[in-house]
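Analysis of the macromolecular model
So the chains spell out like this:
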Amino acid sequence: VERLQTLSNEIKTGNKKGKLEEELVSVTQVDVFSFLTKGLSEIEQEMKKSNLSIKLNLSKSKINVNADENLLWRAFENLIKDVFKHAETGTNVYIKIAEKEGCGLITIINEIKKDELDKMKLSNEEFEKKYLQDPLNKTSLTTAKELVELQGGALKVRINNNSFEAVIMLKECE
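What comes next is a walk through the structure. Nothing here was measured: the structure is a model prediction, and the numbers come from that model.

1. Thoughts on unusual backbone geometry
Positioned with a positive phi, Glu 101 is a non-glycine residue whose angle comes to about 50 degrees. Counting through the fold element by element, Glu 101 comes out in the loop between β4 (92–100) and β5 (103–111).

Here you go:
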């Protein structure tokens, strides 16, 4: 973790960017559906404890992205643990896998706990600023964002009525 934080800080400041990325980020072709199916099976007990039901939806037969499997899993795990913490008990968590304009998209949507909705009555811009851009507010969302960015991708989050939505975007393999 400390090594990744150092890498992230050096990349942000422009120091040693190329060398460190080559050293620590190993981008390969990843089949997103297989990757997530395997990963979700590893956290099945946590899903059962949270009383949430995961619904996995694939828009086409196979979507391959350029990613570092370890970093992608850590980013996804940060997001899904945040979902477990803030999702309304007994609801569905939707994970959609799609492609758009040369990017593979992993979208996670869940219903937020009713008692937490008031805290999240922010515009999407305010939400992103508070949870993704504030260097003093290190959250699982900021960690996930940094991990995705290390792979050349992007993470977008938003609140839509009573639902939280996170979208990981990574370049699709040709």
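There's plenty left to go through after this.
2. Description of the packing of aromatic side chains
Aromatic rings considered in pairs are described by the distance between their centres and by the relative angle of their planes. Within the structure shown, the criterion is met by two aromatic pairs. Their ring planes at 75 degrees and their centres at 6.2 Å tell us that Phe 35 and Trp 73 sit as a pair that is edge-to-face. On the criterion of sequence distance, the pair formed by Phe 35 in helix α3 (residues 32–42) and Trp 73 in helix α5 (residues 69–86) is long-range, its members being 38 residues apart. The exposure class of Trp 73 is buried, given its relative accessible area of 14%. Among the aromatic residues, those joined into a cluster by ring pairs are Phe 35, Trp 73 and Phe 76.

3. Focus: the pattern of salt bridges
With the rule as written, the count across this model stands at five salt bridges. Taking the shortest distance from any N to any O, the salt bridge between Glu 44 and Lys 48 comes out at 3.7 Å. Here Glu 44 pairs with Lys 48, and both are found in helix α4 (residues 44–50), just four residues apart, close to one helical turn. With a relative accessible area of 56%, Lys 48 lands in the exposed category.

4. Observations concerning the environment of Glu 116
Locating Glu 116 in the fold gives a position in helix α6 (residues 114–117). With relative accessibility at 11%, the residue Glu 116 sits in the buried group. For the pair Glu 116 and His 86, spaced 30 residues apart in sequence, the C-alpha to C-alpha distance is 7.5 Å. Once you skip the residues sitting within four places of it in the chain, Glu 116 turns out to touch Lys 85 and His 86.

5. A look at the sheet that holds strand β7 (residues 163–171)
Strand order in the open sheet formed by five strands is β2-β4-β5-β7-β6, and the pairing between neighbours is mixed. The two strands at the open ends of the sheet, each matched to only one other strand, are β2 (53–58) and β6 (154–160). Direction aside, the axes of adjacent strands within the sheet are offset by 15 degrees on average. Both β2 and β4 contribute to a ladder of six bridges, which runs parallel. Along β4, the bridge assignment pairs Asn 57 with Lys 96. Running at roughly 15 degrees to β5, α5 makes contact with β2, β4, β5, β6 and β7 of the sheet.

6. Comments concerning the side chain of Asn 110
Relative to the helices and strands, Asn 110 is located in strand β5. Filtering out sequence-adjacent residues up to four positions away, Asn 110 remains in contact with Val 83, His 86, Ala 87, Asn 92, Val 93, Asn 162, Ser 163 and Phe 164.

7. Some details on the side chain of Glu 172
Considering the arrangement of structural elements, one finds Glu 172 in the segment after β7. Classification of Glu 172 as buried rests on a relative accessible area of 11%. What Glu 172 contacts, discounting residues up to four positions off in sequence, is Lys 60, Ile 63, Asn 64, Val 65, Asn 66, Glu 99, Gly 102, Cys 103 and Gly 104.

8. Overview of the packing of α5 against helix α8 (residues 140–150)
In the contact formed by α5 and α8, the axes pass within 8 Å of each other and the chain directions differ by 160 degrees. On the basis of the axis angle, α5 is roughly antiparallel to α8. α5 and α8 meet at a crossing whose hand is left-handed. Counted together, Leu 71, Arg 74, Ala 75, Asn 78, Leu 79 and Asp 82 of α5 and Ser 140, Leu 141, Thr 143, Ala 144, Leu 147, Val 148 and Leu 150 of α8 form the full contact between these two elements. Of the residues belonging to the contact of α5 with α8, the class tally is eight nonpolar, three polar and two charged.

Cut-offs applied
Within each chain, residues carry numbers counting from 1 in the order of the written sequence. Local features in this predicted model are restricted to residues whose pLDDT is 70 or higher, and side-chain atom pairs enter the listing and the counts only when it is 80 or higher, whereas totals over whole chains, interfaces and linings include all residues. Values shown for side chains rest on all heavy atoms present in the structure; no hydrogens or waters enter the calculation. Runs of H or I in DSSP of at least four residues are treated as helices and runs of E of at least two as strands, each being numbered from the N terminus. Planes of paired rings set the category: under 30 degrees apart is stacked, over 60 is edge-to-face and the rest tilted, where pairs are Phe, Tyr or Trp rings (Trp by its six-membered ring) whose centres lie within 6.5 Å. With a 1.4 Å probe rolled over the protein chains alone, any residue whose accessible area is under 20% of its type maximum counts as buried; one over 50% counts as exposed, and the rest are partly exposed. Every case where a carboxyl oxygen of Asp or Glu lies within 4 Å of a side-chain nitrogen of Lys or Arg is listed as a salt bridge. Residues are treated as being in contact if the distance between any of their heavy atoms lies within 4.5 Å. Only strands that DSSP links by at least two bridges are regarded as paired with each other. For helices, the fitted line uses only the C-alpha atoms of the stretch in contact; every axis is such a line through C-alpha atoms, and the angle between N-to-C directions lies from 0 to 180 degrees. By definition in this entry, angles of less than 35 degrees are roughly parallel, angles greater than 145 are roughly antiparallel, angles of 65 to 115 are roughly perpendicular, and the rest are oblique. Helix crossings get a hand from a simple test, with the near helix turned counterclockwise from the far one by less than a right angle marking a left-handed crossing and a clockwise turn marking a right-handed one. Only Asp, Glu, Lys and Arg are considered charged in this grouping, and only Ala, Val, Leu, Ile, Met, Phe, Trp, Tyr, Cys and Pro are considered nonpolar; every other residue, Gly among them, is considered polar.

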